[in-house]
Amino acid sequence: MNKALLALVEEYVLGFFRRRGETRVLAREIFDSSPEIANADIVRAFEDLEKRRRALVRHTEEGNDWVALTPAGARLAGLPAPDEPPSAPPHPPKSST
């Protein structure tokens, strides 16, 4: 995936949170909201936001897949920091070696 497209999809994901005014949403709501963006591209954006930018955390709760913004992610989306920290810690950044 090229970097320009990745940046656009990441902005779409952050904008979804911004429009909803929430810092935690079901992943399927993001997938369902954007029929013009391939689900695989959204997953790539989730991965980059999670691992490189440490802006979100994905987790499963009672069979539902959730996406939650970290405090850094909330700032990127222009939202107040979440009241509770995400239920799963963000992945450590990839090693540079």
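Residues numbered from 1 in each chain as written. Predicted model: local features only at pLDDT ≥ 70, side-chain atom pairs only at ≥ 80, totals over all residues. Heavy atoms only, no water.

Participant: I keep staring at the packing of aromatic side chains and nothing clicks. Help me out?
Facilitator: Here the distance between the centres and the angle between the planes together describe a pair of aromatic rings. Counting across every chain of the model gives one aromatic pair. In this structure, R19 is placed above the aromatic ring of Y12, and the distance from its NZ or CZ to the ring centre is 5.2 Å. Cation over ring: R24 sits above W66, and NZ or CZ is 3.8 Å from the ring centre. (Phe/Tyr/Trp six-rings, centres within 6.5 Å; stacked < 30°, edge-to-face > 60°. Lys NZ or Arg CZ within 6 Å of the ring centre and 35° of its normal.)

Participant: Please explain the nonpolar core as it appears in this structure.
Facilitator: Formed by 22 residues in total, the largest nonpolar core has its most connected members in V13, F17, I30, I42, F46, L56 and L69. Those elements giving two or more residues to this core turn out to be α1 (3-20), α2 (27-32), α3 (39-51), β3 (64-69) and α4 (71-77). Considering each element in turn, this core owes the most residues, seven residues, to α1. The residues touching V13, leaving out its near neighbours within four places in the chain, are I30, I42, A45, F46, L49 and L56. (Core = buried A, V, L, I, M, F, W, Y, C linked by side-chain atoms within 4.5 Å. Buried < 20%, exposed > 50% of the residue type's maximum accessible area, 1.4 Å probe, protein only. Helix = DSSP H or I, 4+ residues; strand = E, 2+ residues; numbered from the N terminus. Contact = heavy atoms within 4.5 Å.)

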